[in-house]
Amino acid sequence: RAIGIPDTWFVLGDDVVLSALGEIAFLPTLVLAARLCPRGVEAVLFATLMSINNGASTVGTEIGALLTKSLGVTETNFDNLALLSFICNLTSLYPLVFIGWLDGVGSVSEQEIEEEEAAAAATVIDADAD
């Protein structure tokens, strides 16, 4: 209101911006998955990743609501809001625990993969010609 933006436009704009940024943040996961998946199952893998992402979002929302209720944060009581914000920000770092699982993943470039596939295809064609 102070800068002339109506509340409804601010909320809708915030929702749209956060959704778009969330999709952009998900792109590295999709690129990594595209590098790992075998040919022919890309659509199934994409659907599975999106299902897991949407399910995790729903679970995260419910856990956040439960945590908010358990800390007693309401529209009129903000006594534990700092603790709630701290816990939420701390738990967003939780995936970093699993980053070690990605060692060596994606270490082969796309060009190397394409060269290997071309060499394998050439070998099959040569074998068929004999």
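Quick summary incoming for the structure in this document. (Residues numbered from 1 in each chain as written. Predicted model: local features only at pLDDT ≥ 70, side-chain atom pairs only at ≥ 80, totals over all residues. Heavy atoms only, no water.)

Description of the overall build of the protein
Okay, so step 1: Within the protein one finds four helices and zero strands.
Okay, so step 2: Put simply, the protein runs from its N terminus to its C terminus through helices and strands in the order α-α-α-α.
Okay, so step 3: Considering the protein as a whole, with its 130 residues, one finds that 6% of them fall into the buried category.
Okay, so step 4: Counting 4 positive and 18 negative side-chain charges, the protein places the centres of these two groups 14 Å from one another. (Helix = DSSP H or I, 4+ residues; strand = E, 2+ residues; numbered from the N terminus. Buried < 20%, exposed > 50% of the residue type's maximum accessible area, 1.4 Å probe, protein only. Lys, Arg positive; Asp, Glu negative; His and termini not counted. Charge placed at Lys NZ, Arg CZ, Asp CG, Glu CD.)

What about a negative patch on the surface?
Okay, so step 1: Residues Glu110, Glu112, Glu114, Glu115 and Glu116 make up a contiguous surface patch of negative charge.
Okay, so step 2: In this structure, glutamate 116 sits in helix H4 (residues 110-129). (Patch = residues over 30% accessible without salt bridge, like charges linked within 9 Å, V, L, I, M, F, W, Y side chains within 5 Å. Areas by Shrake-Rupley, 256 points an atom, 1.4 Å probe, with all protein chains shown as cover. Salt bridge = Lys/Arg side-chain N within 4 Å of Asp/Glu carboxyl O.)

Notes on the layout of surface pockets
Okay, so step 1: The computed volume of the largest pocket comes to approximately 700 Å³.
Okay, so step 2: Sorting elements by how many residues they give to the lining of the largest pocket places helix H2 (residues 42-70) first, with four residues.
Okay, so step 3: Here the lining of the largest pocket is built from residues that sort into twelve nonpolar, four polar and no charged.
Okay, so step 4: There is about 480 Å³ of room inside the second largest pocket.
Okay, so step 5: As for the second largest pocket, its lining consists of Phe26, Thr29, Leu49, Ile52, Asn53, Ala56, Ser57, Gly60 and Thr61.
Okay, so step 6: If you list the elements that add at least two residues to the lining of the second largest pocket, you get helix H1 (7-36) and H2.
Okay, so step 7: Broken down by element, the lining of the second largest pocket gets its largest block of residues, seven residues, from H2.
Okay, so step 8: Of the residues that constitute the lining of the second largest pocket, the class distribution is four nonpolar, five polar and no charged. (1 Å grid on protein atoms, 1.4 Å probe; cavity = no way out; pocket = protein on both sides within 12 Å on 5 of 7 lines; lining within 4 Å. Points joined across faces, edges and corners; volume = space filled by probe spheres on them. Nonpolar A, V, L, I, M, F, W, Y, C, P; charged D, E, K, R; others polar.)

Here we look at H2
Okay, so step 1: Taking 1.5 Å of rise per residue, the 29 residues of H2 would be expected to cover 42 Å, and the 41 Å separating its terminal C-alpha atoms lies within 8% of that figure.
Okay, so step 2: One or two steps after H2, the chain reaches glycine 72, where phi turns positive at roughly 75°. (Expected span 1.5 Å × (residues − 1).)

Some thoughts on a nonpolar patch on the surface
Okay, so step 1: The grouping of Leu83, Phe86, Leu90, Leu93, Leu96, Ile99 and Leu102 at the surface amounts to a nonpolar patch, some 690 Å² of accessible area in total.
Okay, so step 2: Residue placement: phenylalanine 86 occurs in helix H3 (residues 81-91).
Okay, so step 3: Taking the relative accessible area as the measure of exposure, phenylalanine 86 reaches 52% and is therefore exposed.

A closer look at the packing of H1 against H2
Okay, so step 1: One can describe the packing of H1 onto H2 by two numbers: an axis separation of 11 Å at closest approach and a directional angle of 145°. Viewed along their axes, H1 and H2 form a crossing whose handedness is right-handed. Contacts between H1 and H2 involve Phe26, Leu30 and Ala33 on the former and, on the latter, Leu45, Phe46, Leu49, Met50 and Asn53.
Okay, so step 2: Residue composition of the contact of H1 with H2, by class: seven nonpolar, one polar and no charged. (Axes fitted to C-alpha atoms, helices over the stretch in contact; angles between N-to-C directions. Left-handed = near helix turned anticlockwise from the far one by under 90°. Contact = heavy atoms within 4.5 Å.)

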